[in-house]
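# An overview of the molecular structure
Residues per chain, in single letters:
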Amino acid sequence: MDIEHNYKPINVADAIHLYEGEVAWRSPSNIALVKYWGKYGRQLPSNPSVSFTLKNAHTNMRMSYKPGNGQVVLFFEKERNTAFEARIAKFIKSIEDIYPFLQGLDLEIHSDNSFPHSAGIASSASAMSALALCLCSIEQKAFNTLTDKDEFLEKASYLSRLASGSACRSVYPKLGQWGIHEGIQGSTNNFAIDVSDRVDPIFHTFKNSILIASAKEKSVSSSAGHQLMEDNPYAAVRFQQANDNLVKLMQAMKEGDLDTFMLIVEEEALTLHALMMTSTPSYVLMKPGSLVLIEKIRAFRAETGLPVCFTLDAGPNLHVLYPEHITTQVQSFIKEECQAFCENGLIIEDEVGEGAIAI
Ligand code: DP6
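Let me sum up the structure you'll find in this document. (Residues numbered from 1 in each chain as written. Predicted model: local features only at pLDDT ≥ 70, side-chain atom pairs only at ≥ 80, totals over all residues. Heavy atoms only, no water.)

### Quick word on the site of the ligand
The cut-off we apply is this: Near is defined per residue: the residue qualifies when any heavy atom it owns lies within 4 Å of the molecule or strand. Under the rule applied, a polar contact is a pair of N or O atoms within 3.5 Å (in protein, one hydrogen donor and one hydrogen acceptor; residues adjacent in sequence only if both atoms are side-chain atoms). Using a 1.4 Å probe, the Shrake-Rupley method yields the accessible areas, and only the shown protein chains count as cover for residues.
Taken together, 16 residues lie around the ligand, and Y36, S164, G165, S166 and R169 are the ones closest in. Residue Y36 places a side-chain N or O atom 2.7 Å away from an oxygen atom belonging to the ligand. Within the side chain of H226, an N or O atom sits 3.0 Å from an oxygen atom of the ligand. For the ligand, whose unbound accessible area comes to 450 Å², protein coverage reaches 92%.

See below:
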């Protein structure tokens, strides 16, 4: 039985250090291999998931704090952003049971993304994990807690999850796993865990070329998508499939079995989109270009026998995944055959990264 984590509330009265300062974190985005799609309760996942932590796509967040009354002022890419500010203020209010001390602080946040906002890449995982890491750093500085690195990351992952489910996997290097599964030791719904040392090192340097099929903002948010899973007729079968795929994928990754890896990763991507198409109301986030690109990747793999596959998150863009040693071949194929189908020829090069760092 997985029990909701019960962190002791951190109260203003417990502060032992100067209650004013600045903290800063860089936290990356991630791309799920087994997808989290469907949730319940307080941001608990309906099925377990696992993702590659990315390197180049990240958020830099600087947060200054001083005594106050819970005000949040937020600058995104140097400009005040009241929509993002309201989301963060709402989140901070929502964790009042865990961090009552935040109600006695004013925060000024400066957030920047490394990737262009015109690329249609989701930024909630990097931004929300950066936010959670900054809050944990404030706790550490003001209360002298979370001095153990693992404990720190666990709480940061826990708070990230409350802000945005997929964000909880971003704090760890290489491969983060979230959601309870009896076959995955240490797994829990409360926070993600680092499973990078449970796989063959070939996956530690995997490449991810992101083909931007469309840079437009998506028509249905992930939050709305998760909600639609509640009445999806295939939900129960899907949650079972994700559980099965997780153990199969982890076994394949342990053995360095690229064929099984590719099979499961593509099945997960297409299942995610099939679930959107079978929701009520149904919706489609892929674009014609997404399908063209899928066919091109599959044809290239069939012709060359090279281990290249794709995944998609909740949007039209393709994440092409491949081992580092075939980078030259894959990148010239992408340039010659895929770039013409990307919006404004946009391709973003990324790879597996080392997780969040204090800056
Ligand atoms: C398709 O984490 O964005 O990327 O918890 O509502 O913030 P919220 O949802 P979010 O969902 C992401 C879903 C996904 C799959 C995944 O990352 O596992």
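### Description of the packing of aromatic side chains
The condition that has to hold: Each pair of aromatic rings taken from Phe, Tyr and Trp, with Trp reduced to its six-membered ring, is defined by centres within 6.5 Å and is described as stacked if the planes are under 30 degrees apart, edge-to-face if over 60, and tilted in the remaining cases. Numbering goes from the N terminus for both helices and strands, where a helix is a DSSP run of H or I of at least four residues and a strand is a run of E of at least two. Accessibility here uses a 1.4 Å probe with only protein chains present; expressed as a share of the type maximum, an area under 20% marks a residue as buried, one over 50% as exposed, and anything in between as partly exposed.
Enumeration according to the criterion identifies 12 aromatic pairs in this entry. The interplanar angle of 40° and the centroid separation of 4.9 Å between the aromatic rings of F203 and F261 together place this pair among those described as tilted. With F203 in the loop between β9 (192-194) and β10 (207-211) and F261 in helix α6 (residues 258-277), the pair connects residues that are 58 residues apart, well separated along the chain. Comparing F203 with F261, the two get one shared label, buried. An aromatic cluster is defined as three or more aromatic residues linked by ring pairs; in this entry it consists of F52, F203, F206 and F261.

### Notes on unusual backbone geometry
Note that the residue after T280, namely P281, is joined by a cis bond; omega there is 0°. A positive phi angle, near 45°, is found at E77, a position not held by glycine. Turning to its location among the elements, E77 is positioned in the loop between β5 (72-76) and β6 (79-80). A residue is classified by how much of its surface remains accessible, and E77, at 23% relative accessible area, is partly exposed.

### Here we look at the sheet that holds β10
Across a sheet, strands are paired by hydrogen bonds formed along the backbone, either parallel or antiparallel in direction. Our working definition: DSSP-based pairing: two strands are paired if at least 2 bridges between them are found. Simply put, an axis is a line fit to the C-alpha atoms, just over the touching stretch for a helix, and the angle between two N-to-C directions goes from 0 to 180 degrees. The criterion used for residue contact is that any of the two residues' heavy atoms lie within 4.5 Å.
Across the sheet, which stays open at both edges, the four strands sit in the order β11-β12-β10-β13 with antiparallel pairing between neighbours. Either end of the sheet is taken by a strand with one partner, and the two such strands are β11 (309-312) and β13 (347-351). Averaged over all adjacent pairs, the angle separating strand axes in this sheet is 25°, with direction ignored. Where β10 lies against β13, five bridges are found, and the strand directions are antiparallel. Bridged to K207 within β13 is E351. On top of the sheet, α6 reaches β11 and β12 (318-322); it is set at about 30° to β11, its chief contact.

### Regarding the environment of R169
For R169, the position within the fold is in the loop between α3 (149-163) and β8 (175-178). Judged by relative accessible area, R169 falls into the buried class, the value being 2%. Considered as a pair, R169 and N30 are 139 residues apart in the sequence and their alpha carbons are 7.3 Å apart. Once residues lying within four places of it in the same chain are set aside, the contact partners of R169 are N30, A32, Y36, S49, V50, S51, T53, G176, W178 and A192. Here the side chain of R169 touches S51 through a polar contact of 2.7 Å, side chain to side chain.

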